[in-house]
Amino acid sequence: MTAIAVQRAPARTGRVPLRGVAWVTWRQHRAALAGAVALLGVLGVYLLCAGLEIHSVYAHVAACHPSGSPACQSLLQSFNQRYGTQQGSVVTSGLNAQTVPFLLLAVPVLLGVFVGAPVLARELESGTFRFAWTQACGRVRWAATKLILLAAALTVLAYAFSQLFTWYFSPFLAEGKTSKFPMQLFGNLGVDFAAWTLLAFAVAAFLGAAIRRAVAAMAVALATCTVLDVATMMTLRQHYATPLVASGNNPPGGKSGWLLGRWLGGPDGQRFNPSSIPLSVQNSSNPDAFPNWLRTTHITQWWSYVPGSDFWRFQLIEGGWLLGLSALLIAAAIWAVRRRAA
């Protein structure tokens, strides 16, 4: 009798393909993504409708020649009165000019926190993560796929929205009503809006993995991102590069620059606070009163400022450290999942 060896094909133990994990991620978090799209969509519709009106009115102002004629000045004055006025270098009047940019500063934090916190915390809180880890996926791959895919989708949505805002606000920038550096604008332009959205998502996801309670992670992440955002706007951003220093009676840098400081310097190098200017000079209706006082007292007025050409430099610096911090937090969240006992 001849023995015939029969070899059986080994059972397939391959992992779940990436498209399968991506599909599950979409199924689990489609409500959160739909909410993000809905929020940005509603705001986007407003920006589109209001922007079309602003661009239409401004097109008549820009097409008027000569620009110094009474008719053109009347059109410009009407545009400014309707949509905004200028005090210093910040647009400060009207819903379109001020309120909308300030309100939009809260959107990246809200988007990131409410989408990011439940990604890991919800399953860790309910205990369903144990089932997910037994589906030929693995805890690290499970966490990494969910976090990376959702972070990428949210960042792309945020960047697209920021481009719409840039178009919406461009007539005010073209008219020179403001520079791009004021806090209510810098965070909504360039890559900053998307970068802050990504950071808020990463902070919330990490806290969700650490706290394992979705609502608690949302609350802590909201407070953390708010404090970090305010600290960046008020103190950190101005130190991204060494400011330029110039002397003169008028602020340097033009309307596109960012004035950081002003002081008076005496002939011996001592500094005087601008409040030391005599009231008779401050309240004088003569435009030459202040220059004459500087000249007779041998005092020089100094300014520290950031030129308008440094806008993208500042954007890339801030976007770079936000991206790096986000990557570290996402990696830390994955590490926390890997170290957690099943």
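Attention in this report is confined to the structure presented alongside it. (Residues numbered from 1 in each chain as written. Predicted model: local features only at pLDDT ≥ 70, side-chain atom pairs only at ≥ 80, totals over all residues. Heavy atoms only, no water.)

## A closer look at the state of the cysteines
- Inspection of every chain in the model, using the stated rule, returns 1 disulfide.
- Bridging C64 to C72, the disulfide has an S-S length of 1.8 Å. Its S-S torsion of about -90° marks the bond between C64 and C72 as left-handed, since a negative value means left-handed.
- Judged by relative accessible area, C72 falls into the buried class, the value being 4%. (Disulfide = S-S within 2.5 Å. Buried < 20%, exposed > 50% of the residue type's maximum accessible area, 1.4 Å probe, protein only.)

## Some details on the environment of L157
- Mapped onto the secondary structure, L157 falls in helix α6 (residues 139-174).
- For L157, a relative accessible area of 28% translates into the label partly exposed.
- Along the backbone, L157 and V37 are 120 residues apart, and their C-alpha atoms lie at a distance of 7.6 Å.
- Here L157 is in contact with V37 and L40, once residues within four sequence places are set aside. (Helix = DSSP H or I, 4+ residues; strand = E, 2+ residues; numbered from the N terminus. Contact = heavy atoms within 4.5 Å.)

## Brief notes about the pattern of salt bridges
- In the structure shown here, the tally under the stated rule is 3 salt bridges.
- In this structure, R237 engages E318 in a salt bridge whose closest nitrogen and oxygen atoms are separated by 2.9 Å. In this pair, R237 sits in the loop between α9 (214-236) and β3 (244-247) while E318 sits in helix α12 (residues 311-339), placing the two residues 81 residues apart along the sequence.
- On the basis of relative accessibility, which here comes to 0%, the residue E318 falls in the buried class.
- Salt bridges sharing common partners tie together D192, R237 and E318. (Salt bridge = Lys/Arg side-chain N within 4 Å of Asp/Glu carboxyl O.)

## Some thoughts on the nonpolar core
- L120, L147, F165, Y168, F201 and F314 are the most contacted members of the largest nonpolar core, which totals 69 residues.
- When residues of this core are assigned to their parent elements, the largest contribution, 14 residues, is made by helix α8 (residues 192-211).
- Every residue in contact with L120, bar those within four places of it in the chain, is listed here: W142, A143, L147, A205, A209, A333 and V337.
- Core analysis: the second largest hydrophobic core is formed by 8 residues, L264, I277, A289 and W293 among them. (Core = buried A, V, L, I, M, F, W, Y, C linked by side-chain atoms within 4.5 Å.)

## Focus: the sheet that holds strand β4 (residues 258-265)
- Taking strand neighbours across the sheet as the criterion, the 4 strands line up as β3-β6-β4-β5 in an open arrangement whose pairing is antiparallel. Only two strands of the sheet have a single neighbouring strand rather than two, namely β3 and β5 (271-272).
- The sheet contact formed by β4 and strand β6 (residues 300-306) spans 7 bridges and is antiparallel. In the strand pairing of β6, R262 is matched with W303.
- Here helix α11 (residues 289-297) sits on the sheet in contact with β4 and β6, set at roughly 50° to β4. (Pairing = 2+ DSSP bridges. Axes fitted to C-alpha atoms, helices over the stretch in contact; angles between N-to-C directions.)

## Let's talk about the pairing of β4
- Of the strand pairs in this sheet, β4 and β5 are connected by 2 bridges, and their pairing is antiparallel. Bridge pairing links G265 to R271 in β5.

## A word on empty space enclosed by the protein
- In total, this model carries 1 cavity of 30 Å³ or more according to the counting rule given.
- Approximately 70 Å³ is the volume attributed to the largest cavity.
- If you go around the largest cavity, the residues you meet are L104, L105, P108, M183, G187, N188, D192, F193, W196, D229, M233 and R237.
- Put simply, the parts of the chain that give the lining of the largest cavity at least two residues each are α8 and α9.
- When residues in the lining of the largest cavity are grouped by element, the largest group, 3 residues, is from α8.
- For the lining of the largest cavity, the per-class residue count stands at 7 nonpolar, 2 polar and 3 charged. (1 Å grid on protein atoms, 1.4 Å probe; cavity = no way out; pocket = protein on both sides within 12 Å on 5 of 7 lines; lining within 4 Å. Points joined across faces, edges and corners; volume = space filled by probe spheres on them. Nonpolar A, V, L, I, M, F, W, Y, C, P; charged D, E, K, R; others polar.)

## Points about the packing of α9 against α12
- Put simply, α9 and α12 touch, their axes get as near as 14 Å, and they point 150° apart. It follows that α9 is roughly antiparallel to α12 by the angle criterion. Two packed elements cross with a definite hand, and for α9 against α12 that hand is right-handed. Where α9 abuts α12, its residues L228, T232 and L236 lie against E318, W321 and L325. (Parallel < 35°, antiparallel > 145°, perpendicular 65-115°, else oblique. Left-handed = near helix turned anticlockwise from the far one by under 90°.)

## Quick word on the packing of aromatic side chains
- In total, this model carries 16 aromatic pairs according to the counting rule given.
- Three or more aromatic residues link up through ring pairs in this structure, and these residues are F181, F186, Y240, W258, F311, W312 and F314.
- K180 extends its terminal NZ or CZ atom over the ring of F311, reaching a point 5.0 Å from the ring centre. (Phe/Tyr/Trp six-rings, centres within 6.5 Å; stacked < 30°, edge-to-face > 60°. Lys NZ or Arg CZ within 6 Å of the ring centre and 35° of its normal.)

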